[in-house]
Structures are given as C-alpha cells and as structure tokens.
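# Structural overview
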Amino acid sequence: ADAALSVLNSLDLDSLNSTVQSLSSQLDSLNDQLSLVDDVEVMMRGLERLLNVDMHVFLGRLSHSSLQAHRDADGLSGMLKEIAQVVDDIVKEANKTITMADFSTDLVSELSDVTDILDVLHKPKYKDNGPLFFFFSLMDKMDKKDTLVQPDDPKANRVNVDTEGNAYPNDKMCLTTSCVNNEIVYINTNSLSDVSDGDIPIPLSRTNLVGLPFLIPLIIAILALAAALCICWGWCSQCMAGCVAGWVCCQLPLMFLFIGMFFPMAIVFGDVCYG
C-alpha cells in the first residue's frame, strides 16, 4: 500500500491533465477537418452534377435555334432576356447544388432598361403607329416614364381626349397616327371657338377661314356674269359694269398683299435651287 501510494504521489497529475486536454483538442480539430472534408465532398459532387448534367440544359437554352426562336417571337430584347435569365438560373442552381456557394445576381432586372429600349427599336408595334409614337415611346423608356396611350386602348381617339370626350388619365397623350389624324380632322372641321375652348371667339373653322379670301373673287365673278347678261339684254349694263369695277378696285389691295406674301418665298427658293 505504501508502495502504491508512493507511485501515485510520484505522478505529475497536472502534466497528465494537460496531455489529456491536448489530445482532446486534437480530436476536436480532427473532427472539424473531417466535417470540412465532408462539405468539400458534397460541394464537388454538386459541382460535378452542375457541369455534367445541368449545364447541358442551360447550354441548350443558349443554342442558336433557341435564341433565334426568342428573337423571332420577342425581338432582340427577347433574346437578351433569355441570355440573362440563363445566367441567373445557372447562379441559382449553383447555390442549390454547391452548399458552400453563396452567389447572387439578377441580370434580368439589371438589363431591363436596355431591353425596354430594344423593344421600341425592334417591335413593329412602335414603328407601325407613326413617327411621333415611336419617338416619344423611346423617350419614355429612356426616362422611365409612362406618358402615352397605347394603340390597343379602346378609348383612344384624339391626342388629348378619348372617345367619351374626357382627358386621358395621368395627363397621358395619344400620339399614334390614328389619334393625330383625328385631331387634325377635328381642328379643320370645328370652329376655332370650340377648338380653343373659347379663347378665339371665331365661329368659323380653319377650313372656312382658308376659303374666306376667295369670297370676293366669287362675288366679282357673279357680278361680271350678271353684267355680261345685262349687256346682252340691254338691262342696266353701265350700273353692273360700275359694280364690277368697284369690287375689282376693292380687291386689288388684297391681291397685292396675297401675292406679296409668296413672291419673296419664290425668289428665295429659286435662288437656292439655282445656287
């Protein structure tokens, strides 16, 4: 018993405890390394699946025939959206199959401004509805605004007014060829008072005003015809001839004014063409 007690007293318990703790720490480190090896193994398996299986599907979506189909259906913007969507799907699949991966991308949203502009440049909808609709649609896409009435709107009528006579919501405008033509017809056929909402108190339309200067020559022609008939029949020929002469004299200033408006323009155009 004394010998055993002596042996126990001779043992360095602090050193033994330190050795045990060191071994325990090494075992914990080894377990962590084994867990890391397991994670790396799972990541490599996921990477192998991504490269050997999933990537064939993604590359198939990027084939010439697939991209051409998207271009035929939705134009250049459709093709670009499909390419961006494939890149986003690859990143999402990488995050799912590779546990240690943490990638993030949203290429479709980042390219939305470019694809919107390409829509205007390529899709027939914008070109077929006139240059004004095309130009302002392009400006809307660049400024990220929505100021135009679309061609398929059933209430589209004139530039600022719909089929019910009301203004478009949110101060929108209709600049398609049909709406612009309707606006021109409205301005030409309705009185200036109606067109200007009472700002121009003239009860005549623009078309009537254009024909108004020809009213005097018409009166002169009628009087001249009446004078000729009177001369042939011997009825008050001098009176009718005097009326015609008076109307001609009244018309002369207007004729010179009318001719004087266009004569300088004719000289300018002639000199430019000859030059």
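What this report covers is the structure whose coordinates are included nearby.

Cut-offs used in this document
Residues numbered from 1 in each chain as written. Predicted model: local features only at pLDDT ≥ 70, side-chain atom pairs only at ≥ 80, totals over all residues. Heavy atoms only, no water. Salt bridge = Lys/Arg side-chain N within 4 Å of Asp/Glu carboxyl O. Helix = DSSP H or I, 4+ residues; strand = E, 2+ residues; numbered from the N terminus. Buried < 20%, exposed > 50% of the residue type's maximum accessible area, 1.4 Å probe, protein only. Expected span 1.5 Å × (residues − 1). Arc of directions from axis to C-beta. Contact = heavy atoms within 4.5 Å.

### Here we look at the pattern of salt bridges
Across all of its chains, the model carries 6 salt bridges by this definition. Residue R61 pairs with E82 through a salt bridge whose shortest N-O separation is 3.2 Å. Taken together, the positions of R61 in helix 2 (residues 13–61) and E82 in helix 3 (residues 64–97) put the pair 21 residues apart, joining distant regions of the chain. Owing to a relative accessible area of 12%, E82 belongs among the buried residues under this scheme. A salt bridge links E164 to K155; the shortest N-O distance between them is 3.8 Å. Here the residues in one salt-bridge network are R61, E82 and D89, joined through shared partners.

### Quick word on helix 8 (residues 177–189)
Along its 13 residues, helix 8 runs 18 Å from first to last C-alpha, staying within 8% of the 18 Å computed at 1.5 Å per residue. Every buried residue of helix 8 is accounted for by C179, V180, E183 and N188. Taken down its axis, helix 8 places every buried residue within 170 degrees of arc, on the same side. The inward-facing, buried residues of helix 8 abut helix 7 (131–143) and helix 10 (206–211).

### Observations regarding helix 7
When the terminal C-alpha atoms of helix 7 are compared, their 18 Å separation across 13 residues agrees well with the 18 Å that a helix rising 1.5 Å per residue should span. Of the positions making up helix 7, those classed as buried are F133, S137, L138 and D140. Down the axis of helix 7, the smallest arc covering the buried residues is 160 degrees, so these residues share one side. Tucked inside the fold, the buried residues of helix 7 contact helix 5 (112–122) and helix 6 (124–127). Looking one or two places after helix 7, you find K144, whose phi comes out positive at around 55 degrees.

In short, the description is geometric, and any link to function would need to be established separately.
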